[in-house]
Structures are given as C-alpha cells and as structure tokens.
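Spelled out from the first residue to the last, the chains are:
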Amino acid sequence: MTTVKSLKCRECKKEYAPTFKYICDECFGPLDVHYDFPSVNKNTFANREHTYWRYFELLPIAEKSNIVSIGAGMTPLIKAEKLGEALGLNNLYIKNDSVNPTFSFKDRPAGIAVSKAKEFGLSAVGCASTGNLAAATAAHAAKGGFPCYVFAPSDIEHAKITQALAYGANFIAVDGTYDDANRIAAQIGDSKGIGIVNINMRSYYVEGSKTLAFEVAEQLNWQVPDNLVVPVGSGAMLNAICKGFEELESLSLLGKVSNMHMIAAQPRGCAPIVDAFKKNTSDVIPVENPDTIAKSLAIGDPGDGRYVLKRLKQYNGYAEESSNREILEAILLLARTEGIFTEPAGGVAVAVLKKMVEERKIDKNDSTVCYVTGNGLKATEVLMEILSKPETMQADIAKISAMVR
Ligand SMILES: *Cc1c(COP(=O)(O)O)cnc(C)c1O
Ligand SMILES: [Zn+2]
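Residues numbered from 1 in each chain as written. Chains lettered and ligands numbered in written order. Predicted model: local features only at pLDDT ≥ 70, side-chain atom pairs only at ≥ 80, totals over all residues. Heavy atoms only, no water.

## Section: the overall build of the protein
Condition: For the purposes of this entry, the term helix denotes a DSSP run of H or I that reaches at least four residues, the term strand denotes a run of E that reaches at least two, and both are numbered from the N terminus. In this setup the radius of gyration rests on C-alpha atoms only. A globule is expected at 2.2 Å times the number of residues raised to 0.38. Working definition: with a 1.4 Å probe on protein chains only, accessible area under 20% of the residue-type maximum means buried, over 50% means exposed, and in between means partly exposed. Here, two residues are considered to be in contact whenever any of their heavy atoms come within 4.5 Å of each other. Only the protein chains shown count as cover for residues, and the accessible areas themselves come from Shrake-Rupley with a 1.4 Å probe.
Each helix and strand in the protein was counted, giving 15 helices and 13 strands. In terms of C-alpha radius of gyration, the protein reaches 21 Å, essentially the compact-globule figure of 22 Å for 405 residues. Residues classed as buried in the protein amount to 58% of the 405 residues present. Partitioning the contacts of the protein with sequence separation of at least 6, the portion at a separation of at least 24 is 71%. When the accessible area of the protein is evaluated, it comes to approximately 16900 Å², of which 49% is carbon and sulfur surface.

## Some thoughts on the sheet that holds strand β6 (residues 125-128)
Where strands meet in a sheet, backbone hydrogen bonds hold them as pairs that are either parallel or antiparallel. The condition is simple: Two strands pair if DSSP finds at least two bridges between them. Lines are fitted to the C-alpha atoms to define the axes, a helix being fitted only along its stretch in contact, and any angle between axes, read from their N-to-C directions, falls within 0 to 180 degrees.
The parallel open sheet is built from four strands, whose spatial order is β8-β7-β6-β9. Taken across any chain shown, the strands that pair with only one partner, and hence form the sheet edges, are β8 (170-174) and β9 (195-196). Of the strand pairs in this sheet, β6 and β9 are connected by two bridges, and their pairing is parallel. Of the residues in β9, the one forming a bridge with Gly126 is Ile196. Taken strand by strand, helix α6 (residues 178-192) contacts β6, β7 (148-153), β8 and β9, and its axis lies near 155° from that of β7.

## Things to note about the coordination of the zinc ion (ligand 2)
Under the convention used in this document: Excluding water, the donors of a metal are its N, O and S neighbours within 2.8 Å, or within 3.2 Å for Na, K and Ca, and that exclusion means sites may look incomplete. Geometry is assigned from the angles between donors: four donors with all angles from 85 to 135 degrees make a tetrahedral site, four or six donors whose opposite pairs exceed 155 degrees while the rest stay between 65 and 115 make square planar or octahedral sites respectively, and everything else is labelled irregular.
The coordination sphere of the zinc ion (ligand 2), as far as protein atoms go, consists of Cys9 (SG), Cys12 (SG), Cys24 (SG) and Cys27 (SG), spread over 2.2 to 2.3 Å. Given four donor atoms and angles of 97 to 118° at the metal, the environment of the zinc ion (ligand 2) is assigned as tetrahedral. Here the donor residues of the zinc ion (ligand 2) share one chain and are spaced in sequence as C-x2-C-x11-C-x2-C.

## Structural notes on the pattern of salt bridges
Stated formally: Salt bridges are counted wherever a side-chain nitrogen of Lys or Arg sits within 4 Å of a carboxyl oxygen of Asp or Glu.
On inspection of all chains with the given rule, the structure shows 27 salt bridges. Of the charged contacts, one joins Arg10 and Asp304 as a salt bridge, the two residues approaching to 2.7 Å between their closest N and O atoms. Of this pair, Arg10 sits in the loop between β1 (4-9) and β2 (15-16) while Asp304 sits in the loop between α10 (272-278) and α11 (305-314), and the two are 294 residues apart along the sequence. Look at Arg10 and you get buried, because its relative accessible area is 17%. Linking Lys14 and Glu26 is a salt bridge whose minimum nitrogen-to-oxygen distance equals 3.5 Å. Here Lys14, found in the loop between β1 and β2, pairs with Glu26, found in the loop between β2 and β3 (31-35); they are 12 residues apart in sequence, far enough to count as distant.

## Some words on the nonpolar core
General note: in soluble globular proteins, nonpolar side chains tend to be found buried as a group. For clarity, the cut-off: Grouping buried Ala, Val, Leu, Ile, Met, Phe, Trp, Tyr and Cys residues that are joined through side-chain atoms within 4.5 Å yields what is termed a nonpolar core.
Ranked by internal contacts, the top residues of the largest apolar core, which has 43 residues, are Leu238, Ile241, Phe245, Leu248, Met262, Val369 and Tyr371. Put simply, the parts of the chain that give this core at least two residues each are α8 (211-219), β10 (227-231), α9 (236-250), β11 (261-267), α10, α11 and β13 (368-372). Top contributing element to this core by residue count: α9, with six residues. When sequence neighbours within four positions are dropped, the list of residues in contact with Leu238 reads Val230, Val232, Met262, Ile263, Ala264, Val308 and Arg311. Grouped together as the second largest cluster of nonpolar side chains are 33 residues, Leu89, Leu328, Leu334 and Ala351 included.

## Focus: the domain arrangement of the protein
It is common to give the size of an interface as the accessible area that goes away when the parts come together. Applied cut-off: Reported domain spans reflect what an automatic or database domain assignment gives. When two parts are put together, the accessible area they lose, computed with a 1.4 Å probe and summed over both, is reported as buried area.
The domain architecture assigned to the protein consists of domain 1 (77-103 + 209-384) and domain 2 (106-206). Computed from C-alpha coordinates alone, the two centres of domain 1 and domain 2 are separated by 24 Å. When the two sides are added together, the surface that domain 1 and domain 2 hide from each other amounts to roughly 1900 Å², 42% of it contributed by carbon and sulfur. Considering only the surface of domain 1 that becomes buried against domain 2, Thr102, Lys295 and Lys378 emerge as the three largest contributors, covering 34% of it.

## Topic: the environment of Asn41
The cut-off we apply is this: We call two N or O atoms a polar contact when they sit within 3.5 Å, provided that within protein one can donate a hydrogen and the other can accept it, with sequence-adjacent residues counted only if both atoms are side-chain atoms.
Assignment of secondary structure puts Asn41 in the loop between β3 and α1 (42-46). Separated by 22 residues in the primary sequence, Asn41 and Thr19 place their C-alpha atoms 29 Å from one another. A distance of 2.8 Å separates a polar side-chain atom of Asn41 from the backbone nitrogen of Asn43.

Below you can see the structure in the form of structure tokens.
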C-alpha cells in the first residue's frame, strides 16, 4: 500500500514519480511529497501506538515492514500554567520534544528518512548536522542496520559528538561551518549513492517533522492553536509544521488553519531569516560565520529560508531573535517554572515567546504552542557559565545543616 502520489516541485509544480530524487530537473526547486490520502477520521488514530508512526497513512512509507522505529514521537504537550503566569499568558502549551529517544525532535525526520532509505534499498545513510541530527540519524541507522556517516562542524557540543559515536556513526568533524559540512556531505552523498537524510533524502525527511503538527492538533483535541513559536535553523521544521496543519485541514480533521500565526525564532549571531523579515525582503543573506551558543540553529545559509518568509506572510507571523543572555535566562525560566530542561534552541523559542508577549503580538487569552525541540543535557557547558558550581563541603552534619533553612 502506498498513499504517496508524486514528488511535486515547490516552484514550478512539475510532478515526478516518488523515487530517490529531491530537486526539480526543470528549475532546481525542492520536491515535496504529495499524497492521495485514504479517508481517515479522528478515531482512526485514537487507539494506536504512542509514537509518530500512529499517523502511518499520512507518512511517505509504503510498507510497514520498512519502518525503522526507536519509539520517537507522541511527546508531551504540557499546559504551561506556571510559565504562562510568569509571561502573562492564560493558554500556553509547551510541546516538549526534548524527551524523544535521542533527546531532540530530529528523531522525527531522521526516522522517516532512514525508513525510506530501507524502502529504496540503499546501502548506507548519513547526514550533515549541527549536532542533534547526528545522534538521531546514527541511532536509526543502528536500528535499521545501516552504516552511518555524519558530517558536522568540529566545534559542536561534546555530548552530541559522544552520543553519535556511541551509536556507531562514522563521525567526520569538519574544520569549518555547518555550510561547509553540508557541501561536503552533498557531494559525497551524490557520488557514492548514500542516503544523506537532510540533503538527497530531504523530500521524505521533512515529512517526519510535520508530525509535530499532527500531534499538537490531536493533543489539543483537534483544535487549531492561535500562535506557534518555532525555533528555526534551516527552516525545514517550520515549513513542515505548516504542511502538517494544512494536510489535516484538507482531511477535514481540523477547521480552518489560515488564522494561525507562525512565529520564527532565531539566535542573534545567526538570524538571517529574522534580518530578511525585518527588512521586508525575500532575500535571505547568508551569515558567513555564525556566532551563537545555540549551535543547533547555527545555519548561516538556511535551505528553507525563503519558504519560511513565505509562511510568515501566509500566516500573519513574525520573526524575532534573542541574544545569548536572553537564551540562557529563558532556559532557566522554563526549567524553574515547568521543570523542563532544554538546550539553547529551546531557550531561543521561549525567549522569543517572551518578547512577543511584551510587544503585544500575542494576546494573553490566545492559545499558544511553544516548541521545545532539544534537551538541556546535550549542552550543559554554556549554562555553567551563569550558574555557580557548588563548593565541595566536608561531610559534616553541623556545617551542612547550617546551610539548609
Ligand atoms: C535542527 C534543530 C532545529 C531547527 O530545525 P530546522 O529544520 O533546521 O529549522 C531546532 N531545534 C533543535 C533542537 C534542532 O536540533
Ligand atoms: Zn521545478
């Protein structure tokens, strides 16, 4: 069974058979998966497994036997009452995707791409990564029995390198930026026929991220949220979330999605999409040397930048940035109100959410979903710069007891 109809060029709309292909021959535009969905209703999904594979009919894998799953997805949507109170919001939700099996949302796109690599019969997989995709691809490759090649800048967080190595990946640490690693991965993928999940498998890869829309819709009892705050690197996730909501509307599982507001959050020091948005141009000027603690968002030349700007127009949205200081403060605010520990990318989302409320771009009674996409344990180094390391105490009851009120 397959519900995939074609790959369709996002620019010139030319359609292709759904093969191992990602760029339009005519105009070099990106190809998106188009479906002939079977008829489904809310009950179709209700009693299924608690992973994103519960939406199997809406995903681009033909045979269930090709699924490579490590149990990702169906992460909690938390009603954030304490954070909401701190920010002045009555209806705030956190989509806590930091609790996926490899501790970031990247398990969604990586899982779909590796499953599709299995369906295509490829011999190896890989990725270009800012950190989190490395572990997500490596873990799924391990489960699916594929060799895995990771191309990443050498200066990413220690924990992210350790994690990918633990899953058995071949880790190529490139002395350069993410864009350098990406270029190398693209050429090696094409010349050796390796499925580079976020490059030559990108059409399928992004389909995993749309489950961030499906789950939120289902968890909100099939209501459309008013505002969505999304951290943005390449922009693939934001674009995929929009596609997900639109597909649910087309299936009559949701009402009109056109009143949603999409808010793109980037870190200062690598915010080319925010810059273009504020200048009201569709020209995204690449940042040559990204400089931010939010390393998972340090993509100077975002592949989907232009499309994010289109989405922000389509959904009456905004783009805003946050400084390193604001990111760290937001990480602590989220941790100390909701008990959720995120890495800087999640801090960027929360910091931008705070600004949106302060600037009255989000109404206090609106339903607002903030996507927290990665786990704090992956990037502890930067946080210790503002937390004080506990002093080692002698094991003396009297002295220690005096410290506890
Ligand atoms: C990759 C990543 C993002 C950004 O996703 P894009 O699709 O590149 O925009 C956001 N948060 C985390 C934790 C990530 O790893
Ligand atoms: Zn085209």
